Amino acid sequence: MTQDVKEIFAGSAGRASAPPAPAALAAKVRTLAPSMTRSMQRVAEAVAGDPAGCAALTVTGLAELTGTSEATVVRTARLLGYPGYRDLRLALAGLAAQQQSGGGAPPPAAAAVARRIDVYGVGASGLVAQDLTQKLLRIGLIAQAHSDPHLAVTNAVQLRSGDVAIAITHSGSTGDVIEPLRVAFERGATTVAITGRPDGAVAQYADHVLTTSTARESELRPAAMSSRTSQLLVVDCLFVGVAQKTYETAAPALAASYEALAHRHRR
């Protein structure tokens with residue numbers, strides 16, 4: 001959790017497990033190609049053959065270029081050792097820069113401190129999304145919760161590199177949550193899925209997947225016991241991690257929010 005927090009909100013260029021260096025990409029493709037499906041081979045061959053061209057493509061563009069699906073592109077990126085397609089694009093850009101400069105080291109990735117944070121959730125997950133955003137707001141971060149699917153997509157279109165989009169869905173298959181996360185993913189934002197189904201459809205557009213409880217619930221308490229409680233637990237852990245990582249700015253902001261509301265709690 002601590003490492004995920006650093007990567008999601010502090011803009012660390014590294015990941016939990018270091019992806020292969022750009023120069024090793026072609027060799028990685030040759031090594032893994034025999035174990036890939038034919039559709040994944042097409043993606044791998046495309047990125048190894050034209051790194052500069054593929055680096056300019058969104059996940060949808062590369063899928064169309066290779067006649068595959070977005071899910072296949074993301075799976076191929078992960079098989080090659082990258083947490084997500086965005087990480088593969090960075091490696092491709094670095095490889096292209098190396099080739100153009102005759103093999104020099106690629107330029108370092110720019111830090112991406114979260115400019116704004118969008119959180120998507122509907123139903124019970126929407127309540128968890130509101131809980132997370134009010135916590136983040138109190139430590140000085142610009143966060144919004146979106147339960148209206150139209151507004152969620154409208155806002156996701158405005159995201160870019162340096163922003164964060166978080167989708168909360170216990171089932172991992174809620175279309176109204178997946179759609180804005182997909183848009184945010186394609187726009188270059190860091191994407192996070194909080195879900196009880198890490199193999200669900202939402203994960204294909206997530207740079208980071210935080211897994212909640214998968215226990216079955218009774219018919220009388222749908223989305224109320226294990227799912228929502230575990231979502232709130234993950235959200236609390238995420239908030240504490242963010243506050244610790246950004247303590248120098250979070251502490252004054254939290255103190256200011258306490259002071260602003262103090263008079264409302266006096267007898």
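Residues numbered from 1 in each chain as written. Predicted model: local features only at pLDDT ≥ 70, side-chain atom pairs only at ≥ 80, totals over all residues. Heavy atoms only, no water.

**Structural notes on the environment of Gln134**
Among the structural elements, Gln134 can be located in helix α8 (residues 124-138). In this structure the C-alpha to C-alpha distance between Gln134 and Ala145, which are 11 residues apart in sequence, comes to 8.8 Å. (Helix = DSSP H or I, 4+ residues; strand = E, 2+ residues; numbered from the N terminus.)

**Section: the side chain of Lys135**
Among the secondary structure elements, Lys135 is positioned in helix α8. We classify Lys135 as buried; its relative accessible area is 16%. Within the local environment of Lys135, its side chain forms a polar contact with the side chain of Asp236, the two groups lying 3.3 Å apart. For Lys135, the residues in contact, after removing those within four places along its chain, are Val235, Asp236 and Phe239. (Buried < 20%, exposed > 50% of the residue type's maximum accessible area, 1.4 Å probe, protein only. Polar contact = N/O pair within 3.5 Å; in protein donor to acceptor, adjacent residues only side chain to side chain. Contact = heavy atoms within 4.5 Å.)

**Describing the pairing of strand β1 (residues 117-120)**
Neither face of β1 is exposed, since Ile117 and Val119 on one face and Asp118 and Tyr120 on the opposite face are all buried. Relative to strand β2 (residues 143-146), β1 is paired through four bridges, and the arrangement is parallel. Across the sheet, the residue bridging to Asp118 is Gln144, located in β2. Taking the sense of rotation as the criterion, the β-α-β connection linking β1, α8 and β2 turns out right-handed. Pairing of β1 with strand β3 (residues 164-169) involves four bridges; the strand directions are parallel. By the bridge assignment, Val119 is partnered in β3 with Ile166. (Pairing = 2+ DSSP bridges. Right-handed = clockwise from strand over helix to strand, strands pointing away.)

**Considerations on the pattern of salt bridges**
A side chain with one charge can pair with a side chain of the opposite charge if their charged atoms come near. Counted according to the given criterion, the structure contains seven salt bridges. Salt-bridge contacts for Lys135 lead to Asp236; the nearest nitrogen and oxygen are separated by 3.3 Å. Of this pair, Lys135 sits in helix α8 while Asp236 sits in helix α11 (residues 226-245), and the two are 101 residues apart along the sequence. Judged by its relative accessible area of 34%, Asp236 falls in the partly exposed class. With a closest N to O distance of 2.9 Å, Glu186 and Arg182 form a salt bridge. On the criterion of helical spacing, the pair formed by Glu186 and Arg182 is a turn pair, its members being four residues apart in helix α10 (residues 175-186). What emerges from the salt-bridge pattern is a single network uniting Asp131, Lys135 and Asp236. (Salt bridge = Lys/Arg side-chain N within 4 Å of Asp/Glu carboxyl O.)

The values are spatial; any link to function lies outside them.
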